Amino acid sequence: QVSLVASGGGSADTGGSLRLSCRFSINTHTPASDYCMGWFRKAPGKDREGVAMLDPDGTTLYADSVKGRFTISRDNAKSTLYLQMNSLKPEDTADYYCAADISTDPLATWGPRDTWWAHFGHWGQGTEVTVSS
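Residues numbered from 1 in each chain as written. Predicted model: local features only at pLDDT ≥ 70, side-chain atom pairs only at ≥ 80, totals over all residues. Heavy atoms only, no water.

Chemist: What am I meant to see in the nonpolar core here?
Modeler: The tendency in soluble globular proteins is for nonpolar side chains to be buried side by side. In this structure, Trp39, Leu83, Met85 and Tyr96 are the most contacted members of the largest nonpolar core, which totals 30 residues. Of all the secondary structure elements, the ones that give two or more residues to this core are β1 (2-7), β3 (18-26), β4 (35-42), β5 (49-54), β7 (70-75), β8 (80-85), β9 (94-102) and β11 (127-132). Within the second largest apolar cluster, nine residues are counted, among which are Met53, Leu61, Leu107 and Trp116. (Core = buried A, V, L, I, M, F, W, Y, C linked by side-chain atoms within 4.5 Å. Buried < 20%, exposed > 50% of the residue type's maximum accessible area, 1.4 Å probe, protein only. Helix = DSSP H or I, 4+ residues; strand = E, 2+ residues; numbered from the N terminus.)

Chemist: Before we go on, may I ask you to explain the environment of Val2 in this structure?
Modeler: Counting through the fold element by element, Val2 comes out in strand β1. Separated by 72 residues in the primary sequence, Val2 and Arg74 place their C-alpha atoms 16 Å from one another. If we ignore the near neighbours within four places in the chain, the residues touching Val2 are Ser25, Ile26, Thr28, Tyr35 and His122. (Contact = heavy atoms within 4.5 Å.)

Chemist: Got a minute to help me understand the pairing of β3 in this structure?
Modeler: Consecutive residues of a regular strand have side chains that alternate between opposite faces of the sheet. Here six bridges tie β1 to β3, and the two strands are oriented antiparallel to one another. Bridging across to β3, Ser3 finds its partner in Ser25. Alignment of β3 against β8, held across six bridges, turns out to be antiparallel. The residue bridging Arg23 from the neighbouring strand is Thr80, located in β8. (Pairing = 2+ DSSP bridges.)

Chemist: Whenever I open this one, the packing of aromatic side chains confuses me. Can you help?
Modeler: Each aromatic ring pair is characterised by the separation of its centres together with the angle its planes make. In total, this model carries five aromatic pairs according to the counting rule given. Taking 5.5 Å as the distance between ring centres and 80° as the angle between the ring planes, the aromatic pair formed by Phe40 and Phe120 counts as edge-to-face. Taken together, the residues Phe40 in strand β4 and Phe120 in the loop between β9 and β10 (122-123) connect sequence positions 80 residues apart. Comparing Phe40 with Phe120 shows no difference in burial state: the two are buried. Their ring planes at 70° and their centres at 6.3 Å tell us that Phe120 and Trp123 sit as a pair that is edge-to-face. Each residue in the set Phe40, Trp110, Trp116, Phe120 and Trp123 is aromatic and connected to the rest through ring pairs, giving one cluster. (Phe/Tyr/Trp six-rings, centres within 6.5 Å; stacked < 30°, edge-to-face > 60°.)

Chemist: It is not clear to me how unusual backbone geometry should be interpreted in this structure. Could you clarify?
Modeler: Backbone geometry places Ser79, a non-glycine residue, at a positive phi of 50°. Following the sequence through the fold, Ser79 ends up in the loop between β7 and β8.

Chemist: I would appreciate a short explanation of the sheet that holds β8 in the present structure.
Modeler: In sheet architecture, strand pairing relies on hydrogen bonds along the backbone and comes in two forms, parallel and antiparallel. Across the sheet, four strands lie side by side as β1-β3-β8-β7; this open sheet has antiparallel pairing. A strand with exactly one partner marks an edge of an open sheet, and here the two such strands are β1 and β7. In this sheet, adjacent strand axes meet at a mean angle of 15° when their direction is disregarded. (Axes fitted to C-alpha atoms, helices over the stretch in contact; angles between N-to-C directions.)

Listed below in structure tokens is the structure:
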């Protein structure tokens, strides 16, 4: 069984920061250390988009729009995935979702951002982020 619970959303001003957390519980024969994890977001009127991905070996993959501002990390001891969001912009306003699945293909082989979701089969519920202009 795999479960994911996202939290940490809220409101912030332009230029502010928020840290999202995703508490995961992975009770399968495959250890959590073999899972790729990521963050996605869905803004009103827009399609779901990949934000940041993290491979078991520590490799990351970011959307161009968040590079240099967001950082994805995880603490396996705490069974928690994080998304540190700095220099927030109004366009970051969205519902954010965490996801996980067994790692198969290296992030370097992944295609366009709109296909990243296909690598994940386990999803958490969204946490809302609102950035005021």
